[in-house]
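# Tertiary structure, described
This is what each chain is made of:
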Amino acid sequence: MNDIQNGFSKSYEQAREKFLNAAQTAGLQVDSNIHPLLGRDGETLAMDVVLDGATDAKAVLVISSACHGVEGYCGSGVQIHALKNTAWREAARAQGVAVLYIHALNPHGFSHVRRVTHENVDINRNFQDFSKPLPDNPAYREIHTLLLPEVWPPDAANAAATAQYIAERGMKTYQAAVSKGQHEFPDGLFFGGQAPTWSNHTLRSVLKKYGQHCQKMAWIDLHTGLGPSGIGERIFACADDAAAYQRAKAWWGQGITSIYDGSSSSPMLTGLMWMAAYQECGQAQYTGIALEYGTQTPDKVIYALRGDHWLQSHPEAPEALKKQIKQELMDAFYVDTDEWRTQIVNQAMDAMHQAVTGLNTA
């Protein structure tokens, strides 16, 4: 139990130190891609990368954290545990699989307890072809001003209007309108950006460096914020390809969900990060999932995100309100209990072992 709990951290700075120390203890080199800005506490920010295995391995398993900054408090704990888990490391090596740990895809959001990057961008909506017209989201346009009112907490009129929208359209429609992604409002929620972010460019360089020579690639991207608390939904994270979907089901079980058939807790999305695997490592057969751990109900999660975006536009807010907003955001993406953390790690390790087995399937 203590081995699991010790892998989790109270800050990005602490998480990075634990990750670097775990890699050093394991005798592994760290490739640090330094972010242009400093963290909340003045610390260095980086997308740290560790390869555990042969550089010319035919099979590579990617384990990534903090695509959505604050969600790194979960994902980092899993990665640190894995690096310290001798039995897991030996099992992967025995099957010829190199494990590529990408710690903190969005270190700025991780450090500042935000879901988005320093550009206010959701990375997992940012992998678009920016030479073409960007996707339109009229449903978000309709509620943008509702989501970000003049005052926080929302006044009675805003709360009533929000409740009316949900009552008339349903929570699923509300959630999809908010989270589908939009490219029109730079201060808004789930903004996909109007150009590639630092994280976009940096991740692509990492994939080019470590993934161009393998024949097979698997990817488990660690997320939080959707679904029942502590349950890790395995969401298909590939292109809309029937063969890949069947492969993913064979590896990770028939319970895998998909945005393409509407079975996942996530709505249909574009600009997804893992599409970079096809673009940068086109020679490899790619199979991936997002492991999405539940925390709170959708309305509470969206409320916390609204508060954080409001705060970003209102730096003059009282300190007590700032602290409350940040705590609500943290609670929306990380459950601070031993039980939840144990569930997280056990499910992640199970999925990782399944991926190694799958990579060795003809």
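First, a word on what this report is: a plain description of the structure on this page. It should be emphasised that the depicted structure is a prediction, and the values quoted were computed from it without experimental measurement.

Now for helix α13 (residues 319-333). Relative to the 21 Å expected for 15 residues at 1.5 Å per residue, α13 spans 22 Å between its end C-alpha atoms, a close match to the ideal helical length. Those residues of α13 lying buried are Leu321, Ile325, Leu329, Met330, Ala332 and Phe333. Buried residues along α13 sit in contact with α3 (72-84), β5 (216-229), α12 (298-313) and α14 (338-359).

So, about the environment of Leu61. As for its placement among the helices and strands, Leu61 is situated in strand β3 (residues 59-64). Not counting residues up to four positions away in its chain, the partners in contact with Leu61 are Trp88, Val97, Ala98, Val99, Leu100, Ala218, Trp219, Ile220, Met352, Ala355, Val356 and Leu359.

Moving on to the side chain of Arg341. Mapped onto the fold, Arg341 is located in helix α14. A residue is classified by how much of its surface remains accessible, and Arg341, at 9% relative accessible area, is buried. Within the local environment of Arg341, its side chain forms a polar contact with the side chain of Asp338, the two groups lying 2.9 Å apart. Apart from residues lying up to four places away in sequence, Arg341 is in contact with Ile4, Gln5, Phe8, Tyr334, Val335 and Asp336.

By way of backbone hydrogen bonds, the strands of a sheet pair with one another, either parallel or antiparallel. Taken in spatial order, the seven strands of this open sheet run β1-β2-β4-β3-β5-β7-β6, and their pairing is mixed. The open sheet has two edge strands with one neighbour each: β1 (30-38) and β6 (232-236). Each adjacent strand pair in this sheet contributes to an overall mean axis angle of 20°, direction not counted. Pairing between β1 and strand β2 (residues 44-52): six bridges, direction antiparallel. Considered in β2, the bridge of Asp31 is made with Val49. Packing of helix α4 (residues 86-94) onto the sheet brings it into contact with β2, β3 and β4 (97-103), and relative to β4 it is tilted by some 130°.

Under the 1.5 Å per step criterion, the end-to-end length of helix α7 (residues 156-169) is 20 Å for 14 residues, consistent within 8% with the ideal 20 Å. The complete set of buried residues in α7 reads Asn158, Thr162 and Tyr165. Axial view of α7: buried residues confined to an arc of 60°, hence all on one face. Opposite the buried face of α7, by more than 90 degrees, sit the exposed residues Ala156, Ala157, Ala167 and Glu168. In the segment just after α7, Gly170 is the residue with positive phi, at about 100°.

A few words now on unusual backbone geometry. Pro153 follows Trp152 through a cis peptide bond whose omega is 0°. Structurally, the position occupied by Pro153 is in the loop between α6 (138-147) and α7. With a phi angle near 65°, Asn120 is a residue other than glycine that sits in the positive phi range. Structurally, Asn120 is set in the loop between α5 (107-112) and α6. Its identity as a non-glycine residue notwithstanding, Phe190 has a phi of 50°, on the positive side. Within the secondary structure, Phe190 is located in the loop between α8 (171-179) and α9 (198-211). A residue is classified by how much of its surface remains accessible, and Phe190, at 7% relative accessible area, is buried.

Calculation rules
- Residues numbered from 1 in each chain as written.
- Predicted model: local features only at pLDDT ≥ 70, side-chain atom pairs only at ≥ 80, totals over all residues.
- Heavy atoms only, no water.
- Helix = DSSP H or I, 4+ residues; strand = E, 2+ residues; numbered from the N terminus.
- Expected span 1.5 Å × (residues − 1).
- Buried < 20%, exposed > 50% of the residue type's maximum accessible area, 1.4 Å probe, protein only.
- Contact = heavy atoms within 4.5 Å.
- Polar contact = N/O pair within 3.5 Å; in protein donor to acceptor, adjacent residues only side chain to side chain.
- Pairing = 2+ DSSP bridges.
- Axes fitted to C-alpha atoms, helices over the stretch in contact; angles between N-to-C directions.
- Arc of directions from axis to C-beta.

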